[in-house]
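Below are the chains, spelled out letter by letter.
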Amino acid sequence: MILCGAGVSYAAGLSPFVVCALEAAVFMSFSPADVRHAIAGLLRRWEVALYAAFLIVAGALLRPLTVWLLPAAVVLALIRVLVAG
């Protein structure tokens, strides 16, 4: 269902990321608690690999002289300090 939604949203000119995120939120809202706990455990086990893949893709899409690079780095550092502290 999620792949179908991503394809339809891409064909319609919408953001597949947003459509897939909304689908995942709806599916998780209506799923049983044991399924939610299983998926949360799976995401916890793959957290580092997913985070690294996201940063690699984001870095590949980033131009070296992007204006928002420094503010984004500051915000990310603040979030990490607040979460860790």
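The shown structure was predicted, so the numbers you read here are calculated from the model rather than taken from an experiment.

Criteria and thresholds
Residues numbered from 1 in each chain as written. Predicted model: local features only at pLDDT ≥ 70, side-chain atom pairs only at ≥ 80, totals over all residues. Heavy atoms only, no water. Helix = DSSP H or I, 4+ residues; strand = E, 2+ residues; numbered from the N terminus. Rg over C-alpha atoms; globule rule 2.2 N^0.38 Å. Buried < 20%, exposed > 50% of the residue type's maximum accessible area, 1.4 Å probe, protein only. Areas by Shrake-Rupley, 256 points an atom, 1.4 Å probe, with all protein chains shown as cover. Patch = residues over 30% accessible without salt bridge, like charges linked within 9 Å, V, L, I, M, F, W, Y side chains within 5 Å. Salt bridge = Lys/Arg side-chain N within 4 Å of Asp/Glu carboxyl O. Disulfide = S-S within 2.5 Å. Contact = heavy atoms within 4.5 Å. Polar contact = N/O pair within 3.5 Å; in protein donor to acceptor, adjacent residues only side chain to side chain. Arc of directions from axis to C-beta.

(A) Seen up close, the overall build of the protein chain. The secondary structure content of the protein chain amounts to 5 helices and 0 strands. Beginning at the N terminus, the succession of helices and strands in the protein chain can be written as α-α-α-α-α. A compact globule built from 85 residues would reach a C-alpha radius of gyration of about 12 Å, whereas the protein chain, at 16 Å, exceeds it by more than 25%. Relative to its full complement of 85 residues, the protein chain shows a buried share of 9%. Carbon together with sulfur atoms contributes 79% to the accessible area of the protein chain, which is approximately 7,400 Å² in total.

(B) Structural view of a nonpolar patch on the surface. Together, V35, I39, L42, L43, W46 and L50 make up a nonpolar patch on the protein surface, roughly 540 Å² of accessible area in all. Among the elements that make up the nonpolar patch, the one with the highest residue count is helix α3 (residues 33-45) (4 residues). Position of L50 among the secondary structure elements: in helix α4 (residues 47-61). Taking the relative accessible area as the measure of exposure, L50 reaches 47% and is therefore partly exposed.

(C) Highlighting the state of the cysteines. Tallied over the full model, the rule gives 0 disulfides. Summary of cysteine pairing: C4 is not part of a disulfide, and the nearest cysteine sulfur, belonging to C20, is at 10 Å.

(D) Examining the side chain of S9 more closely. Following the sequence through the fold, S9 ends up in helix α1 (residues 2-12). When neighbours within four sequence positions are excluded, S9 is seen to be in contact with L14, S15, P16 and V19.

(E) Local environment of the side chain of S31. Within the element layout of this structure, S31 appears in the loop between α2 (16-30) and α3. Within the local environment of S31, its side chain forms a polar contact with the backbone oxygen of M28, the two atoms lying 3.1 Å apart.

(F) Highlighting α1. Within the span of α1, buried status applies to G5, A6 and S9. Projected onto a plane normal to the axis of α1, the buried residues spread over an arc of 100° and lie on a single side. Facing away from the buried side of α1, by more than 90 degrees, are the exposed residues L3, C4, V8, Y10 and A11. The inward-facing, buried residues of α1 abut α2. Of the residues one or two after α1, G13 is the one with positive phi, at around 85°.

By themselves, these figures tell us nothing about what the structure is for.
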